[in-house]
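Working through the structure, step by step
Residues per chain, in single letters:
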Amino acid sequence: MDTTTELLRTAAKAADDKLGTDIVALDVSSTLYITDAFLIVSAENERQVSAIVDAVEEALLKECGRKPLRREGRGSGDWVLLDYGDIVVHVFSSEQREYYALERLWKDVPVIDVALDAEAAPAEADSAGDGETDA
């Protein structure tokens with residue numbers, strides 16, 4: 001029942017609920033053997049990074065029965081990585097996301113639709129943006 005897409009959608013929804021921005025899911029299964037997908041989320045500050053991480057962990061435990069296998073970067077506050085095996089969730093401060101540019105590094109892999117636009121209220125989605133880039 002807990003497919004990669006289900007995990008991604010649950011994590012993306014939790015991040016979106018905590019006002020995470022530029023949420024992108026990348027299918028890295030054909031390139032990496034250690035995970036199937038990355039979920040990348042931006043936050044405005046360290047407090048929001050922490051809130052998003054807490055929400056993702058809580059949602060994946062409650063809805064999918066999954067705990068992270070490993071957590072990196074909790075102390076730094078500007079980039080936290082949650083490894084769930086099937087998916088890896090990266091929550092970045094906006095500055096760190098721009099610096100590491102994971103979307104550029106993985107520009108040749110498919111983007112996975114996590115269906116957030118369909119659930120967003122029109123008033124909240126006025127400045128959402130796609131986050132899509134073409135090579």
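The structure presented is a predicted model; accordingly, all values stated were derived computationally and were not measured.

Core analysis: the largest hydrophobic core is formed by 29 residues, its most contacted members being Leu8, Leu39, Val56, Leu60, Ile87 and Val89. Contributions of two or more residues to this core are made by helix 1 (4–17), strand 1 (21–27), strand 2 (37–43), helix 2 (46–64), strand 4 (79–83) and strand 5 (87–93). Broken down by element, this core gets its largest block of residues, 8 residues, from helix 2. Beyond its immediate stretch of four places on either side in the chain, Leu60 contacts Leu7, Thr10, Ala11, Gly65, Arg66, Tyr84 and Ile87. Counting residues in each nonpolar core, the second largest holds 11 residues, with Val28, Phe38, Val88 and Leu102 among its members.

All right, on to the side chain of Thr10 then. Following the sequence through the fold, Thr10 ends up in helix 1. With relative accessibility at 10%, the residue Thr10 sits in the buried group. When sequence neighbours within four positions are dropped, the list of residues in contact with Thr10 reads Ala59, Leu60, Glu63 and Cys64.

The tally for this structure, following the rule as stated, stands at 5 aromatic pairs. Geometrically, the ring pair formed by Tyr99 and Tyr100 is edge-to-face, given 4.9 Å between the ring centres and 90° between the ring planes. For Tyr99, a relative accessible area of 63% translates into the label exposed.

Turning our eyes to something else, we now look at the sheet that holds strand 4. Strand order in this open sheet of 6 strands is 3-4-5-2-1-6, and the pairing throughout is mixed. Edge positions in the sheet fall to strand 3 (70–72) and strand 6 (111–112), since each of these pairs with one other strand and no more. Relative to strand 5, strand 4 is paired through 5 bridges, and the arrangement is antiparallel. For Leu81, the partnering residue across the bridge sits in strand 5 and is His90. Strands in contact with helix 2 are strand 2, strand 3, strand 4 and strand 5; relative to strand 5, the strand with the most contacts, it is inclined by about 160°.

What follows covers unusual backbone geometry. The general pattern is negative phi for most residues beyond glycine and trans for most peptide bonds. Located in the positive-phi region is Leu19, a residue other than glycine, with phi close to 65°. With respect to the element layout, Leu19 can be found in the loop between helix 1 and strand 1. Despite not being glycine, Asp22 shows a phi value in the positive range, around 50°. Take Asp22: it is sitting in strand 1.

Thresholds, definitions, all that
- Residues numbered from 1 in each chain as written.
- Predicted model: local features only at pLDDT ≥ 70, side-chain atom pairs only at ≥ 80, totals over all residues.
- Heavy atoms only, no water.
- Core = buried A, V, L, I, M, F, W, Y, C linked by side-chain atoms within 4.5 Å.
- Buried < 20%, exposed > 50% of the residue type's maximum accessible area, 1.4 Å probe, protein only.
- Helix = DSSP H or I, 4+ residues; strand = E, 2+ residues; numbered from the N terminus.
- Contact = heavy atoms within 4.5 Å.
- Phe/Tyr/Trp six-rings, centres within 6.5 Å; stacked < 30°, edge-to-face > 60°.
- Pairing = 2+ DSSP bridges.
- Axes fitted to C-alpha atoms, helices over the stretch in contact; angles between N-to-C directions.

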